[in-house]
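# Descriptive analysis of the structure
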Amino acid sequence: MNPAYSVIFFTTASGAGYGLLIWLGVAAVFFDMPAHRWFGFAAFAVALALITVGLLASTLHLGHPERAWRGLTQWRSSWLSREGVVAVLTFIPAGLAAIGWVLLTRNGGVWAWLGAAAAILAVVTVFCTAMIYQSLRAIPRWNTPWVAPVYLAFALASGALLFHFGVRAFGLGLAWSGWAAATLTAAAWAVKLIYWSRIDGAAARSTAESATGLGHLGKVRLFEAPHTGDNYLMREMGYKIARKHARRLRIIALILGGALPVVLAAGATQLPDLAAAFVAAIAVISAGAGLLVERWLFFAEAVHTISLYYGTDAA
Amino acid sequence: MSQSTSLKTENVDTSPPVSDEVKTTTCYMCACRCGINVHLRDGAIRYIEGNRNHPVNKGVLCAKGSAGIMQHYSPARLSKPLKRVGPRGTNEFVEIEWDEAMATATEWLADVRRSDPRKLAFFTGRDQSQGLTGFWASQFGTPNYAAHGGFCSVNMAAAGLYTIGGSFWEFGEPDWDRTRYFLMFGVAEDHDSNPIKAGLGKLKASGDAKFVSINPVRTGYSAIADEWLGIRPGTDGLFVLALVYELLHAGSVDLEYLVRYTNAPWLVHRAPGEPHNGLFVRDADGNPLAFDQNTRKLVNALAADIAPALQGSFDLTQLQGVDGHLSGTVVPSFQLLLDRYRDPQYAPDAVAERTGIDAATIRRIAAELAHAAFEQTIEIDTPWTDWAGRRHDKMIGRPVSMHAMRGISAHSNGFQTCRAIHMLQMLLGSIDCPGGFRYKPPFPRPAPPGPKPAGRSDQLAPNTPMPGPPLGFVSGPEDLLVEADGSPSRIDKAFSWEYPLAAHGMMHLVIRNAWARDPYPIDVLFMFMANMSWNSAMNTTETIEMLTDVDLDTGEYRIPKIIYSDAFSSEMVPYADLILPDTTYLERWDCISLLDRPISSADGPADAIRQPVVAPDRDVRPFQDVLIDLGARLGLPAFVDEAGGPRYAGGYADYIVNHERTPGVGPLAGWRGEDGALHGRGAANPNQLARYVENGCFWSEELAPEQRYFKFANQSYLQYSADMGWIPEAKQIVLQLYSEPMQKFRLAAQGHGDHQPPDAHRVRIETHFDPLPIWYPPFEEDFSDDDTYPLHALTQRPMAMYQSWGSQNAWLRQIHGWNKLYVHVDTAREAGLADDDWAWVESPYGRIKAQIKCMTGCNRNTVWTWNAIGKRRGSWNLDVNAPEARRGFLLNHLITDLLPPKNGHRYANADPVTGQAAWFDLKVRLIKAEPGEASESVPQFPVLENLPGVEKRPAILRYGARFLPAGNWRRQRSSS
Amino acid sequence: MTSLPLNPPKKKLGLVIDLDTCVGCHACAVNCKEWNTGGHSAPLTDLEPYGESPLGVWFNRVHTFEAGDGAEGRTVHFPKSCLHCDEPACVTVCPTGASYKREEDGIVLVNPDTCIGCKLCSWACPYGAREYDYIDGVMKKCTMCIDRIYNENLEEQDRVPVCVSTCPASARHFGDLGDPNSEVSQLVRERGGYDLMPEMGMQPVNKYLPPRPAKRGAGDTGAPASLPDHEPGPVEAAGSGFLAWVDRTLSR
Ligand SMILES: Nc1nc2c(c(=O)[nH]1)N[C@H]1C(S)=C(S)[C@@H](COP(=O)(O)OP(=O)(O)OC[C@H]3O[C@@H](n4cnc5c(=O)[nH]c(N)nc54)[C@H](O)[C@@H]3O)O[C@H]1N2
Ligand SMILES: Nc1nc2c(c(=O)[nH]1)N[C@H]1C(S)=C(S)[C@@H](COP(=O)(O)OP(=O)(O)OC[C@H]3O[C@@H](n4cnc5c(=O)[nH]c(N)nc54)[C@H](O)[C@@H]3O)O[C@H]1N2
Ligand code: SF4
Ligand code: SF4
Ligand code: SF4
Ligand code: SF4
Ligand code: SF4
Ligand SMILES: [Mo]
């Protein structure tokens, strides 16, 4: 699949935004976190901005952004539609919780429940996003049960890293958040490694032989593509990445997105707020870069069955 | 809940109006000439579909025909006459008015005609109006006229016409409905494009016929063959002769057929060294003789009810019934055939290695042919009467059919190879029988064919028409167009001792010879529809040099004046001095005549017209109108009336209706006679074109069932053919297994007769003019041995692209925007090459760089590419970075027009009998390009500037948006 | 799966493509483009039509494959357009309902007026049968010539998809694959018509007929492996090469 930057940006940014939202809810409900106004303002602003920018990016990516509302109508069957609906719904409790936290400096009681509702909807949104990919049988590397866990785990991890940076930047202590961010990031990468090992080890589900039905004649090779000219399908879905290149990028993603943030977040727990905030910021930036690479690879490494008609052996 | 809401959201209009008007005409995107219905809406072309009632295509269309809209609306179209102002080859032109253009052309041509008409060389490309252009040339008085046949497939035409009075090409077709075994030699697409596809579809649907394709490459038709034989190029003759060997050894030959329909029993003099050696034994009236087994006498071989011997050797002096003038030993020609092909040199084992087809396969194919012919015999209960008036209650068929085209013809041994195939057909008794190969009327015609060409200098005079047509058929040395000293009369040397049977002329030599002033200089080169500086040159780079070469003495170009008619900004345009822009095929009258290249089917004759379906939106004129106008301005007798005014003031449409070749026979056969009641012969009918238009722009007639087979010996058909004016008289046409005209040339070479070749050509003629088919290695093998140039290099026609002009077509160029060199995987591996690598391809004559694609369905010694995809940068109004130019390439840079000198003489790279260009003799080697070398094809040429008047090419094309309902948002978007 | 018709269409209009007969001429692809660029989905935009990298919308594309090696190998031309699946993923993923399957005949269409151009359907279709129009910003695809097959302005016999009517080799067949007695259904049964990528679970309506087994073996046509050799024949006179079988008395 061609890694379209808007989609990569959307999924990572809004994933982090939803993750942060989740952590704000969790912190309010389970950790009785004080409703620090400026922290709340910054955190909600960042979370909602990431979500909104992500959603806008993907809307502008549409052929007809002005008709985007139509995308909310087929929630009964379409994960994309569901994602849109839930994403819009999430704004309601999230907005209210933000009002409570920032304007009223309250995040307990009903405000906590609003926060929790926003967190749950955030989880559902991320799940819906993941399901858009996971449900596509035509892309076997996505059509595995590990895609949704990966998306959720990375949303939680990146949210935690942001949350951690926030609390340290505002000097709120809460050193546990460093451990949480480190643990979740490590856990997310564990899930991702499982995903990678699954897709690497999976037997091809479809082949040039099954795509053409000509396997009984022997090995099937593309002799001539329909056109020497380009086409939409190949631009969108024909992207190929060399194995060697992919492996290098995986390592980069793992270091930037996993190892470095884990070490930095864990290390930050041992540091005073200001220094911790600095380190946590580096963790966020590093993780962000790593995640962009991870997401880029998620697309680039996915082989669409269409490519079986254009010279690829197996998908 | 689950009711689809979407059903409510779209109201699909399932019955939108398609068009305001449908006009029929004839497709021109190739020479197949299918009938089309052009749907017009608001004056624009909405859709072009096949005409269901048309005899050629019966409703189907090919990819090119379907892309006609893009051809018509091409931004590469010329729009006004152009006069060259810069140096040749730079596209520096100014637009001029037609008055000036016509005046200039008339002045140049009149000068030539007044002094020496030979100094006009008029050559037309793959033109479909040779009836007119050839006639015009002969009226002008120049022998220097030809169309494209000489570089295309004259080997097939000549071998067929001299042998069976018809030919492959589009002059015949397999009996698709009945054949059980079909052999196809060297066809990728052919002129008979849609009928072949439809025919193969029929074979496939029937399920029990077998289709064998003999072709070094397994694509297209070969891909669906039941068996593909990946033969080594240039060796089909050997393969066929090995089949003949097998059949003769098994006695699997249709002797009855040979006796009845061929010259197998005709007696031949066996008198080595004598002037009549190898000629037929004839009586005083010129009739060939045979030995009658019943009476044991010599009899007229054309007589009915004789029982002629097919073998033996007879001493004339001991036979009764012999005219006094005969003596010596004679044998039936079939005896010579038996002696020749039962020789072990033709055994499957002897040819297997050379052809690349193993001996067991050759033996099996021979057995299958015999099985199909003799065990699966067809009988049709249609009574018919033969030439001698004898009634037969059945038609017996040998359901084996064959078709061959340029894979055979484009080799220097193509004429003889094609004759070998016709011999195989005759031995199996499968020509024009049910299930066999069938003639399309007006064929068969007598073999050897007529008329003879005119053009010796004693036949020419200033301001005087020639006494005959410039192209024709010679049947012996006396008919050649050579001067007293044996030198060629024509600029292209056609019909000279070098290429005696060059029935279609030799367009591929015009530029070379005009440049070299060999045999003489010319003044004006007038060309129509031929991209001679590009894909139809055998040596593009050199041709460009010759077109631009300046005579240092005069400061003039060595080819002083070039007039050219094209419809598009092709690679040839920059090399002309005066451009006469043509219309597109949808803007003009045209005529597809039985006098030219007919569109008949085996079941009946047909001809057709084109009518203008849209009016030109620019200042262009149909070339045929222009030519007729020039004819009148020059005062060519047939083009002016008594008063000296134009005889065909109405242009080509007028000519089509009113011109008569012989009394009552004109370009069109349908609706003749004043009231249009006559077909074939009849007075001109002023309403003829209207009748054609009413009938879908074609005329066709069905033969009666009894006329449909054995046309060469079918009384009713022969009578019909004579009545139509196609053959001089309703006499049997005897198939020429043994070719006497060939023997006449051989005798001349051996020193007999009044007309003998110059010494330098004797051996060549003696060797190649064998009256029985022979095989010899293609000439190129002498210069490119297997060690230095191990690979054969071929081109194939892509089905979805037409020659050079497909590339301007926005739709077709997406399918074939550039080409690669296809190589067998093993061969590629040996050369260290993989897919997409760039490689140098080298021949003795040049070097190109191309991108590689590996395949398995290819002869290992063969590389190939799609023909004419490569374009010159800046031509055809394509972007200068168009892939056609940056990645596409021509093999032509590797080919040569003249072979290297042999005994001091350079012959054309052509068949020694017909002069057919030997495109496919090319041998090459592959060398991997260095990693640093640019990913671009080589050679590249200076980028051409756009011509004046050529439209800006659109960045986005949204053809068809205009047909959406007014106000539709998608229609608005198209204003970009 | 709520966006699919509640009652699965009984009528299943579709194509049957004969890979044993297709010569790869691209006529179906170009004629489809020609008809449809002025039809229901008009236009079929071409970007850079005369440029360096032309890219156009096509509903039908003809691929060519080589299958197997050596003498057993085949070259197979392989036209492919929308297969009008029974369970089309392109429809179920569509967030707008622009992509839909018609209840009356099973044809899968896109409504250009409601499509938002999210391209998800093109990701979901395993066959590559969806074509995005960059200028219109909507998805387009084979319409089964919906504006032709029912078109009352055309003569009855012309009411077939143009890729079928134009195919010179008659390698394409159109009909109701939901009716077991239709000609196309019979053809599928007789020739072993098959689904592409059955593992995708789309249940395509269009079927492909496989290349027939080659006839390359001795005896495949009923002929022997080679002809008997009549030589040396009994009546063959020494030296002259006189052959008994040629010596029949045959009348002209
Ligand atoms: N679509 C399309 N149709 C066309 C044209 C076009 O450009 N495009 N051009 C028209 C013209 S001008 C012509 S002349 C005809 C030509 O039509 P074809 O006769 O089909 O000619 P080519 O495409 O040149 O293909 C020659 C075939 O012969 C094979 N071949 C080469 N050498 C040998 C050999 O030694 N033995 C055998 N057995 N096979 C061999 C090649 O592999 C190739 O398949 O097509 C006409 N029709
Ligand atoms: N390597 C290689 N070269 C070959 C061959 C091969 O097999 N291999 N085949 C040879 C054969 S068989 C042939 S026939 C030749 C073909 O070679 P050409 O006859 O040169 O063929 P085209 O490319 O069709 O060029 C014809 C010209 O006609 C112009 N034209 C098109 N339509 C019209 C019109 O309506 N009016 C006018 N006035 N002009 C028009 C085009 O713009 C183009 O410039 O190529 C030969 N060259
Ligand atoms: S074969 Fe194609 S291009 Fe040639 S005349 Fe027929 S439709 Fe036109
Ligand atoms: S038109 Fe027919 S033969 Fe040609 S590519 Fe299409 S299906 Fe194949
Ligand atoms: S082939 Fe693709 S586009 Fe067509 S119905 Fe099936 S899934 Fe949808
Ligand atoms: S691109 Fe259009 S048809 Fe496809 S899923 Fe999106 S809205 Fe539906
Ligand atoms: S059915 Fe119509 S739209 Fe579909 S591929 Fe055929 S011609 Fe194109
Ligand atoms: Mo040709």
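Everything that follows concerns the structure shown earlier in this document.
Worth saying up front: this structure is predicted, and the values here are computed from it rather than measured. Residue numbers restart at each chain and count upward from 1, following the sequence in its written direction. Whichever chain is written first is A, and whichever ligand is written first is 1; the rest continue in order. Owing to the predicted nature of the model, reporting of local features is limited to residues with pLDDT of at least 70; listing and counting of side-chain atom pairs is limited to 80 or more, with chain, interface and lining totals taken over all residues. The basis for every side-chain value is the complete set of non-hydrogen atoms in the structure, without hydrogens or water.

### With respect to the interface of chain C and chain B
Quoted interface sizes are often the accessible area lost when the parts come together. Using the following cut-off: Any two residues whose heavy atoms approach within 4.5 Å at even a single point are treated as in contact. Here the quantity called buried area is the accessible surface, traced with a 1.4 Å probe, that two parts lose on coming together, added over both. For this analysis, a salt bridge means a side-chain nitrogen from Lys or Arg found within 4 Å of a carboxyl oxygen belonging to Asp or Glu. We call two N or O atoms a polar contact when they sit within 3.5 Å, provided that within protein one can donate a hydrogen and the other can accept it, with sequence-adjacent residues counted only if both atoms are side-chain atoms. What counts as a helix is a DSSP run of H or I of at least four residues, what counts as a strand is a run of E of at least two, and both are numbered from the N terminus. Under this grouping Gly is polar, as are all residues other than the nonpolar Ala, Val, Leu, Ile, Met, Phe, Trp, Tyr, Cys and Pro and the charged Asp, Glu, Lys and Arg. DSSP calls a pair of strands paired once it identifies at least 2 bridges connecting them.
Counting residues at the interface gives 107 residues for chain C, matched by 123 residues for chain B. Together, the buried faces of chain C and chain B total about 9,200 Å²; carbon and sulfur atoms form 52% of this surface. Sorting the residues of chain C by area buried against chain B places E34, Y50 and R252 of chain C first, and these three jointly supply 13% of that buried surface. Counting every contact that joins chain C to chain B gives 8 salt bridges. Between E155 of chain C and R52 of chain B there is a salt bridge; the shortest N-O distance is 3.7 Å. For the pair chain C and chain B, the number of links is 60 residue pairs in polar contact (both at pLDDT 80 or more). At the level of secondary structure, the elements contributing two or more residues to the side of chain C that touches chain B comprise α1 (27–36), β2 (46–47), β3 (55–56), β5 (74–80), β7 (108–110), β9 (138–141), α4 (146–149) and α5 (162–166) of chain C. Per-element tally for the side of chain C that touches chain B: the top contributor is α1 of chain C, with 6 residues. The residue makeup of the side of chain C that touches chain B, split by class, is 41 nonpolar, 36 polar and 30 charged. Sheet analysis places strand β35 (residues 956–957) of chain B next to β2 of chain C, joined by 2 bridges and oriented antiparallel.

### Topic: the interface of chain A and chain C
Between chain A and chain C, the contact holds 58 residues from the first and 62 residues from the second. For the pairing of chain A and chain C, the buried interface totals around 4,900 Å² over both sides, and the portion due to carbon and sulfur atoms is 59%. For the chain A face of the interface with chain C, the top three residues by lost area are R221, Y232 and Y309 of chain A, together amounting to 15%. Note that D69 of chain C and R221 of chain A form a salt bridge whose closest N and O atoms lie 3.3 Å from each other. Inspection of the region where chain A meets chain C yields 29 residue pairs in polar contact (both at pLDDT 80 or more). Listing elements by their share of the side of chain A that touches chain C, those giving two or more residues are α3 (79–103), α4 (109–134), α7 (208–212), β1 (220–224) and α8 (232–237) of chain A. Where β1 of chain A lies against strand β4 (residues 61–67) of chain C, 4 bridges are found, and the strand directions are antiparallel.

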